[in-house]
Amino acid sequence: MTETDREVERILESYEQYADTVRFDTECAPNKEIVIEIIGEMRRVLFPGYFDEKKVRKEYCRYILGNRIEFIQYNLKKQVAKALCGECGCCEENVEKRAEEIVREFIHRIPKMREYLATDVQAIYDGDPAASSTEEIIFSYPGLFAVTVYRIAHELVLLGVPLIPRIMTEYAHSETGIDIHPEAKIGKYFCIDHGTGIVIGSSTEIGDYVKIYQGVTLGAVSTRHGQELHGVKRHPTIGNNVTIYSNATILGGETVIGDNVTIGGNAFITKSVSESTKVSIKSPEMDFVNGKGWER
């Protein structure tokens, strides 16, 4: 036996030892690369003309859109069927039928997704003086990209699709540094400014006209009990017309931030905040030595 053969045997033994980390002899595994392709086609449907390699002529829009919908239907149906099969082990006929129903309803919801995304684009434009146009936001803002993928994935969550929504939002997370769980509930006119380092947990609820800056965490108080907490509301509820500045942390399923609240930067909150309140940490005191300021 060569040295390579010995190493192969050792690795094969580790496959046996840690069986949960391998996937052999199964068709029930969604293809991540195809899921990412579906996201790309969905973005072209949601924002036609923005992400195409060539100019899209309006008179050809019906034809182009039809082809894209067919691509999404065919590929998403196959991936949803695989995800459903992996979760429940249903017979192939039942899985295919259920996947077809899900994808049909998903396509039906595209105008609703566009409605919500139009409000998100407007909220970002209204809230960011550095934005020269809504086109700039759609083309280039990572916050809108992350929210777009979330809006797609969230509809799949509502339709009972396992695994695929999380693949989608974790892809957006890897591309933008913005982590939005697909099960979170987010209202209209949602504005992410800058965005890097934002975390929005699975049971978070966010109202309308909410603006969040970079580094904000909407998280859980503790995850020490792990899977025992699955399905429990562990993340905060954010009301309408709320602004949360950079690096603020809001934790806990019983924590409710009321309407018209402003949360200052670096605040750490684990209790509810009444409506129309401003929350901020105390400004650091400064000592001046030789004309230079030092925090104390």
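Above this text you will find the structure in question.
Here is a short report on the structure shown in this document. (Residues numbered from 1 in each chain as written. Predicted model: local features only at pLDDT ≥ 70, side-chain atom pairs only at ≥ 80, totals over all residues. Heavy atoms only, no water.)

## With respect to the environment of Ile 192
Looking at the element boundaries, Ile 192 is found in strand E3 (residues 191-193). With sequence-adjacent residues up to four places away left out, Ile 192 is seen in contact with Ile 124, Gly 143, Val 147, Ile 178, Ile 180, Ile 198 and Ile 212. (Helix = DSSP H or I, 4+ residues; strand = E, 2+ residues; numbered from the N terminus. Contact = heavy atoms within 4.5 Å.)

## Some points on the environment of Val 149
Topologically, Val 149 is positioned in helix H7 (residues 142-158). With 18 residues separating them along the chain, Val 149 and Ala 131 place their C-alpha atoms 21 Å apart. Aside from chain neighbours lying at most four places away, what touches Val 149 is Ile 39, Met 168, Thr 169 and Ala 172.

## What about a nonpolar patch on the surface?
Taken together, the side chains of Val 8, Ile 11, Leu 12, Tyr 15 and Phe 24 present a nonpolar region at the surface, about 450 Å² in accessible area. Looking at where Val 8 falls in the secondary structure, it is placed in helix H1 (residues 3-17). (Patch = residues over 30% accessible without salt bridge, like charges linked within 9 Å, V, L, I, M, F, W, Y side chains within 5 Å. Areas by Shrake-Rupley, 256 points an atom, 1.4 Å probe, with all protein chains shown as cover. Salt bridge = Lys/Arg side-chain N within 4 Å of Asp/Glu carboxyl O.)

## Regarding the nonpolar core
Grouped together as the largest cluster of nonpolar side chains are 73 residues, with contacts concentrated most on Phe 106, Met 168, Ile 200, Ile 212 and Ile 244. Looking at this core, the elements with two or more residues in it are helix H2 (32-46), helix H3 (61-88), helix H4 (92-108), helix H5 (110-127), helix H6 (134-140), H7, helix H8 (164-176) and E3. It is H7 that provides the largest number of residues to this core, a total of 9 residues. (Core = buried A, V, L, I, M, F, W, Y, C linked by side-chain atoms within 4.5 Å. Buried < 20%, exposed > 50% of the residue type's maximum accessible area, 1.4 Å probe, protein only.)

## With respect to H5
For H5, with 18 residues, the first-to-last C-alpha span of 26 Å sits near the 26 Å given by 1.5 Å per residue. Burial in H5 covers these residues: Ile 110, Met 113, Leu 117, Thr 119, Asp 120, Val 121, Ala 123, Ile 124 and Gly 127. (Expected span 1.5 Å × (residues − 1).)

## Looking at the packing of aromatic side chains
One pass over the full model with this rule turns up 8 aromatic pairs. Centre to centre, the rings of Tyr 15 and Phe 24 are 5.9 Å apart; their planes meet at 70°, and the pair counts as edge-to-face. Residue Tyr 15 is classed as partly exposed on the basis of its relative accessible area, which comes to 33%. Under the relative-accessibility criterion, Phe 24 is labelled exposed at 54%. Taken together, the aromatic side chains of Phe 47, Tyr 50, Phe 51 and Phe 139 make up a single cluster linked through ring pairs. Sitting above the plane of the Phe 51 ring, Arg 43 keeps its charged end 3.9 Å from the centroid. (Phe/Tyr/Trp six-rings, centres within 6.5 Å; stacked < 30°, edge-to-face > 60°. Lys NZ or Arg CZ within 6 Å of the ring centre and 35° of its normal.)

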